[in-house]
Amino acid sequence: MISGALIVLGLMLQIMPALIRYLHKIKFGQTERDEGLESHKKKNGTPTMGGLAFILVPSIVYVLFALFSPFRLDMNTGIILLAYIGYGLIGFIDDYIIVVKKNNEGLKPGVKFAMQSVLAIVFFLLYRSVSSTGVWIPILDKTIDLGFLYFILVFFMFTAETNAVNLTDGVDGLCAGLMAIALVPFVLFAMLEGVPNVAFLLLLVVFALLGYLVYNLHPARIFMGDTGSLALGGLIAAAAMVLKQELLLIVIGFVFVAEVLSVIIQVTHFKRTKKRIFLMAPLHHHFEKSGWDENKVVRNFWTAGILCALLGLWLGVM
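Described below are features of the structure shown in this document. (Residues numbered from 1 in each chain as written. Predicted model: local features only at pLDDT ≥ 70, side-chain atom pairs only at ≥ 80, totals over all residues. Heavy atoms only, no water.)

1. With respect to helix H1 (residues 2–25)
- Here H1 contains 24 residues, and its C-alpha end-to-end distance of 35 Å stays within 8% of the 34 Å for a straight helix at 1.5 Å per residue.
- The largest bend along H1 reaches roughly 30 degrees and is located at Ile15, with the proline Pro17 sitting one to four residues downstream.
- Along H1, the positions that sit buried rather than exposed are Gly4, Ala5, Val8, Met12, Met16, Pro17, Leu19, Ile20 and Leu23.
- Those residues of H1 that are buried are in contact with helix H2 (51–68) and helix H7 (196–216).
- Downstream of H1 by a residue or two, Lys27 has a phi angle that is positive, lying close to 60 degrees. (Helix = DSSP H or I, 4+ residues; strand = E, 2+ residues; numbered from the N terminus. Expected span 1.5 Å × (residues − 1). Bend = angle between axes of the 7 residues up to and from the residue. Buried < 20%, exposed > 50% of the residue type's maximum accessible area, 1.4 Å probe, protein only. Contact = heavy atoms within 4.5 Å.)

As structure tokens, this is what we get:
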């Protein structure tokens, strides 16, 4: 397991410089919003779609290990890979439109949501064929069968998580670091539950993110784009589903939840009162507006992410 993770890390460190040069060459650069922070305007032109690397590298390595090692491509890992690549493809289409048009419109929100919804339905149907509609309740240590309501839960998990992770990707190193932190408890859950295939796949993604972070920390030389953020949201939602840790996803990924809630609260309050609660949403921009530099935002948000991961891990094993 460790050897595969180190292979992925080594490949990422080798591939990323070449990918950055190639994206520069074809002018696939970031276009910052006109209404965005002034300090972010200098990021215009920074290569985007870096998520391609941390999607493809661990996915290919896992498939190769599945061919020549005890690790297998089963229903659980198949669903996780399909979610990872499927949502990544939606993000890639969005990024491609943004890069070609040199604006931040991309896919129409309705079209993007429809595509995300279709994938959520597919994954529910796939998983429903091999598992129950029960949800484990932490602390109470009880499992409740939700029946048809489980579909609503899964639909919400995939659509909400992909958008939450997407909104969090706004500061150098923030999203990739938070996701690497959040995936660790799920690696441990998979090992404790006796599903080493899932643990290995998620561990490969963690190490791929570590390799990506070398080039994404401030000042970032590359961004993941929607390609990476939507893929990561789909990945962790799928992992929570197959490991039956749906509710702990909220705890472990609470920083992502806080980011999307800040946007919902800001928009709702502004429509009603024409006043803002936050200086700017999502939440990380509020703290930037308050005077925190990007490194301070990342340090504090990573710390919050670690605390949430530890709490979720404790709830999951107590």
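2. Section: empty space enclosed by the protein
- Counting across every chain of the model gives one cavity of 30 Å³ or more.
- Approximately 30 Å³ is the volume attributed to the largest cavity.
- Along the walls of the largest cavity sit Leu178, Ile181, Ala182, Ile252, Gly253, Phe254, Val255, Phe256 and Gly305, which together make up its complete lining.
- Those elements that place two or more of their residues in the lining of the largest cavity are helix H6 (174–192) and helix H10 (254–273).
- Classifying every residue of the lining of the largest cavity by side-chain character gives seven nonpolar, two polar and no charged. (1 Å grid on protein atoms, 1.4 Å probe; cavity = no way out; pocket = protein on both sides within 12 Å on 5 of 7 lines; lining within 4 Å. Points joined across faces, edges and corners; volume = space filled by probe spheres on them. Nonpolar A, V, L, I, M, F, W, Y, C, P; charged D, E, K, R; others polar.)

3. Topic: the pairing of strand S2 (residues 142–145)
- In this sheet, S2 lies alongside strand S1 (residues 134–137) in antiparallel orientation, the contact comprising four bridges. Counted as the bridge partner of Ile137 is Lys142 from S2.
- Hairpin connection between S1 and S2: a loop of four residues separates the two successive antiparallel strands, and Ile139 in this loop has a positive phi of roughly 70 degrees. (Pairing = 2+ DSSP bridges.)

4. As for the environment of Glu105
- Tracing the sequence through the fold places Glu105 in the loop between helix H3 (75–101) and helix H4 (109–128).
- Under the relative-accessibility criterion, Glu105 is labelled exposed at 56%.
- In this structure, the C-alpha to C-alpha distance between Glu105 and Asp95, residues 10 residues apart in sequence, is 9.5 Å.
- Ignoring any residue separated from it by four or fewer positions in sequence, one finds Glu105 in contact with Asp94 and Ile98.

Treat this as a map of the structure, not an account of what it does.
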